[in-house]
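# What the coordinates show
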Amino acid sequence: MAIEPGVTHEITMTVGEADTARASGGETLPPVLSTPRMISYMERTAHEALLPYFTAGQTSVGSEVNIRHMAATPVGMTVRFRAELTSVDKRRMCFKVEAWDEVEKIGEGQHERFIIDEGRFYERLKAKAEKIGQKPA
């Protein structure tokens, strides 16, 4: 089954203390959904959109993000994330990603992912770790 532009996927999450700017950046920051956590969920949403199209041994990795975090979301509020596949170029997948809390749109942007062969990927990681005498995880 070929992947075509137009594929969409949505997920939701409830903002917890561990998801906040304060938790990741220190007590001087507000207890609101952090930008890195929002981006992480946008990436996850795009990855999950691709899952039905993978063959055995395939997965995807993020390669680029261009995101605007437009509004703060407090702890306890639910956030909905949406990813829409906008273009396909061989293994390169480009997405429009968006996020809304219960009141307003809080984030938007573009995200790029590549479909990879897991076996080759882990072999490259192993070889890289061995170059510095590290045992692969």
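What counts and what doesn't
Residues numbered from 1 in each chain as written. Predicted model: local features only at pLDDT ≥ 70, side-chain atom pairs only at ≥ 80, totals over all residues. Heavy atoms only, no water. Salt bridge = Lys/Arg side-chain N within 4 Å of Asp/Glu carboxyl O. Helix = DSSP H or I, 4+ residues; strand = E, 2+ residues; numbered from the N terminus. Buried < 20%, exposed > 50% of the residue type's maximum accessible area, 1.4 Å probe, protein only. Core = buried A, V, L, I, M, F, W, Y, C linked by side-chain atoms within 4.5 Å.

In this section: the pattern of salt bridges. The tally for this structure, following the rule as stated, stands at 12 salt bridges. A salt bridge links Glu10 to Arg82, with the nearest nitrogen and oxygen atoms 3.5 Å apart. Here Glu10, found in strand E1 (residues 8–14), pairs with Arg82, found in strand E3 (residues 78–89); they are 72 residues apart in sequence, far enough to count as distant. Taking the relative accessible area as the measure of exposure, Arg82 reaches 22% and is therefore partly exposed. Arg82 is the partner of Glu84 in a salt bridge, and the nearest nitrogen-oxygen pair spans 3.4 Å. Among the charged side chains, a salt-bridge network with shared partners connects Arg68, Lys96, Glu98, Lys105 and Glu108.

Attention now goes to the environment of Ala127. Summarising the element assignment, Ala127 is placed in helix H3 (residues 118–131). Assessed through its relative accessible area of 37%, Ala127 is described here as partly exposed. The spatial distance from the C-alpha of Ala127 to the C-alpha of Ile116 is 17 Å, given a sequence separation of 11 residues.

If you look at the biggest cluster of nonpolar residues, it comprises 27 residues, and the most contacted ones within it are Met38, Val79, Phe81 and Phe95. Looking at this core, the elements with two or more residues in it are E1, helix H2 (35–50), E3, strand E4 (92–100) and strand E5 (105–117). Tallying contributions element by element places H2 first for this core, with 7 residues.

Phi at Lys90 takes a positive value of approximately 60 degrees, unusual for a residue other than glycine. Accessibility expressed as a relative area gives 77% for Lys90, which makes it exposed.

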